[in-house]
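Structure at a glance
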Amino acid sequence: MRLCILMSVALSASLSPSTAVADSSKIAFWDVQRKGANQQNAQHRPEWFVAAGEVGLDYVRILPDAWPAEGQDFLIGDADNFEAVSETDLSLLIEALDEAERNGSKVVLAMLSLPGARWRQLNNDQDDPRLWKDQRFHLQAFDFWRQLAEHLKAHPAVVAYNPLNEPHPDKAFGFDAPDEKFARWFKGIQDKPADLNQFNRELVKAIRSVDAHTPIILDGWFYASPRAFEYNRPVDDDKVLYAFHNPGPWQMTTYRVNQDRYAYPDRVPKSWNGPTESWTIEDLAREIQAVQEFSERYNVPANRIIASEFWYDRRIEGAAAYMADLIEIYNQRGWHWAFYAFRGTGAWTGLDYEIPPRQRMGWRYWQAIERGEDPESLKPRGPNPLWEVLRRQFGER
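A short tour of the structure in this document, coming up. Please read all numbers here as calculations on a predicted model, not as lab measurements.

1. Section: the overall build of the protein chain
Regarding its fold elements, the protein chain presents 16 helices and 10 strands. Taking 2.2 N^0.38 as the reference for a compact globule, 397 residues should give roughly 21 Å; the C-alpha atoms of the protein chain span a radius of gyration of 21 Å, in line with that estimate. Over its C-alpha atoms, taken along the principal directions, the protein chain stretches across nearly 60 × 50 × 40 Å. For the protein chain, the residues scored as buried account for 56% of the 397 residues in total. On the protein chain, roughly 16700 Å² of surface is accessible, and the fraction owed to carbon and sulfur atoms is 50%.

In structure tokens:
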């Protein structure tokens, strides 16, 4: 095991009493609506946190799985057989958390991989369904989060754990939508490895065995789809938030699929390759109606609901209108939210909203990419109508 007990004690002790967060303040952070952004970059960049602080983001949702790892899988070491959190990876994560705290941004830590569920992009572009078919990986996942929570529970930047981004045991068993066939299957897998609700309950218990106070954000069925919320079940823990992701339609918001066929609100697809129709903000709100019904059915208050990812590729017509309407819907309900994403690094710029909607990258940018150079300074970020929709939601510092 690469991480010994002495290292655990040393890292915990490195957080002095002056930097520790009062137990009550972590859930109190979520008692008022919070607005943030996602970060899913390939490395920790201190300047990113400076920029996030300047914009005034309440929090950032960090998905660090692509960061340079000591083993095959960041923090986990080996998703095929987890033993201990990597001390090298943990040090890098704590460095990033310290940077966030210095710049006034709180952090939600989300994982794309767990033992038995390696992130597709690190798994030869193949889904890894083992977590949902073998109870041994449940136990490894619980152990991983116990260890990680033990290290991070006192860090002042951390205001929530999001243990697994976009779980989809449904897909592992051949389901593409929460239809009648799925409903029948759902009834038959209760308390079995494929039961996501049971997994979430046990995962919360595991974290609470070492950390009684840090809020936990749970994603639901079908990649955290809002339309699948009728199958989500609440956990008996008053410090849990329930998350959903972009209501879509996916073929409209995704550039490589859209191909200029669709645009919000005038050309919204009625089916996968079918005709289009015009939408109003009320039509868009119906896409998240199951979330509202979940909240009402189980008496989950608005400040325990979070739209933790939403996006619309800036190169597609209607991006500003879509983002503005979603934000209005979330603000009206008092739900927390985080747009995807703030200042993504690398060559892909479709969800970098500071770059004007139809702006193309210049020849110097592509030459830098070809030479393997850092292209960040060549991205033409600046004021534009789409970025203004987001920027005005934050108190710039």
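2. What to know about the nonpolar core
Counting residues in hydrophobic clusters, the biggest one holds 105 residues, and the most contacted among them are F144, W145, W221, M323, F339 and F342. Among the elements that line this core, the one with the most residues is helix α5 (residues 135-152), at eight residues. Sequence-distant contacts of W145, defined by excluding residues within four places in its chain, comprise L109, M111, L114, Y161, N162, P163, L203 and I207. Within the second largest apolar cluster, 12 residues are counted, among which are I27, W30, I217 and I306.

3. Regarding the packing of helix α3 (residues 46-55) against helix α4 (residues 87-102)
Packing of α3 against α4 leaves a shortest axis separation of 9 Å and a crossing angle of 30 degrees. Our classification of the angle between α3 and α4 gives roughly parallel. Judged by the twist between their axes, the crossing of α3 over α4 is right-handed. Where α3 abuts α4, its residues P46, F49 and V50 lie against A96, E99 and A100. Its residues assigned to classes, the contact of α3 with α4 shows five nonpolar, no polar and one charged.

4. Considerations on the packing of α4 against α5
It is the contact of α4 with α5, at a shortest axis distance of 12 Å, that shows an interaxial angle of 45 degrees. Taken together, α4 and α5 sit at an angle that is classed as oblique. Our pair here, α4 against α5, has a crossing hand that is right-handed. Touching L90, L93, I94 and L97 of α4 are L148, H151 and L152, all from α5. The residue inventory of the contact of α4 with α5, partitioned by class, reads six nonpolar, one polar and no charged.

5. A few points about the pairing of strand β6 (residues 240-244)
Burial analysis of β6 places five of its five residues in the buried class, which makes it a mostly covered element. Residues of β6 alternate between two faces, with V240, Y242 and F244 on one and L241 and A243 on the opposite face, all of them buried. Two strands pair when backbone bridges link them, and strand β5 (residues 216-219) and β6 are joined in this way by four bridges, in the parallel orientation. By the bridge assignment for β6, D219 is matched with A243.

6. Description of unusual backbone geometry
Residues Y264 and P265 are joined by a peptide bond in cis, for which omega reads 5 degrees. Summarising the element assignment, P265 is placed in the loop between α11 (255-258) and β7 (268-269). The omega torsion across Y340 and A341 is 5 degrees, close enough to zero to call that bond cis. For D125, which is not glycine, the phi torsion reads 60 degrees and is therefore positive.

7. Some points on α4
For an α-helix, 3.6 residues make a turn, and residues three or four places apart therefore share a direction. Between its first and last C-alpha atoms α4 spans 22 Å; for 16 residues at 1.5 Å apiece the expected length is 22 Å, and the two agree. Looking at α4, one finds that the buried residues are D89, L90, L93, I94, A96, L97, E99 and A100. Put simply, S86 is the residue that caps the front of α4, since its side-chain oxygen is 3.4 Å from the backbone nitrogen of T88. In the stretch just after α4, G104 is the one whose phi turns positive, near 80 degrees.

8. Observations concerning the packing of aromatic side chains
A full pass over the atoms with the stated rule returns 40 aromatic pairs. Centre to centre, the rings of F29 and W30 are 4.9 Å apart; their planes meet at 90 degrees, and the pair counts as edge-to-face. For the pair F29 and W30, one class covers both residues: buried. Look at F244 and Y330: their rings are 5.7 Å apart centre to centre, the planes differ by 75 degrees, and that puts the pair in the edge-to-face class. Of this pair, F244 sits in strand β6 while Y330 sits in helix α14 (residues 319-333), and the two are 86 residues apart along the sequence. In terms of burial, F244 and Y330 fall into one category: buried. One cation-aromatic arrangement involves K133 over F173; the distance from NZ or CZ to the ring centre is 5.3 Å.

9. Notes on the side chain of N41
Summarising the element assignment, N41 is placed in the loop between β1 (35-39) and α3. In terms of polar contacts, N41 uses its side chain to reach the backbone amide nitrogen of T345, at 3.0 Å. Ignoring anything within four residues of it in the chain, the contact list for N41 reads W48, A66, W67, R343, G344 and T345.

10. Observations concerning the pattern of salt bridges
Following the criterion strictly, the structure yields 30 salt bridges and no others. Across the salt bridge formed by E101 and K106, the nearest N and O atoms sit 3.0 Å from each other. A relative accessible area of 29% means that E101 is categorised as partly exposed. Here D134 makes a salt bridge to R136, at a shortest N to O gap of 2.5 Å. Given a relative accessible area of 58%, R136 falls into the exposed group. Linked through salt bridges whose partners overlap, the residues forming this network are D73, D78, D80, R118, D128 and R130.

Calculation criteria
- Residues numbered from 1 in each chain as written.
- Predicted model: local features only at pLDDT ≥ 70, side-chain atom pairs only at ≥ 80, totals over all residues.
- Heavy atoms only, no water.
- Helix = DSSP H or I, 4+ residues; strand = E, 2+ residues; numbered from the N terminus.
- Rg over C-alpha atoms; globule rule 2.2 N^0.38 Å.
- Buried < 20%, exposed > 50% of the residue type's maximum accessible area, 1.4 Å probe, protein only.
- Areas by Shrake-Rupley, 256 points an atom, 1.4 Å probe, with all protein chains shown as cover.
- Core = buried A, V, L, I, M, F, W, Y, C linked by side-chain atoms within 4.5 Å.
- Contact = heavy atoms within 4.5 Å.
- Axes fitted to C-alpha atoms, helices over the stretch in contact; angles between N-to-C directions.
- Parallel < 35°, antiparallel > 145°, perpendicular 65-115°, else oblique.
- Left-handed = near helix turned anticlockwise from the far one by under 90°.
- Nonpolar A, V, L, I, M, F, W, Y, C, P; charged D, E, K, R; others polar.
- Pairing = 2+ DSSP bridges.
- Expected span 1.5 Å × (residues − 1).
- Polar contact = N/O pair within 3.5 Å; in protein donor to acceptor, adjacent residues only side chain to side chain.
- Phe/Tyr/Trp six-rings, centres within 6.5 Å; stacked < 30°, edge-to-face > 60°.
- Lys NZ or Arg CZ within 6 Å of the ring centre and 35° of its normal.
- Salt bridge = Lys/Arg side-chain N within 4 Å of Asp/Glu carboxyl O.

Function cannot be read off these values alone, since they describe shape.
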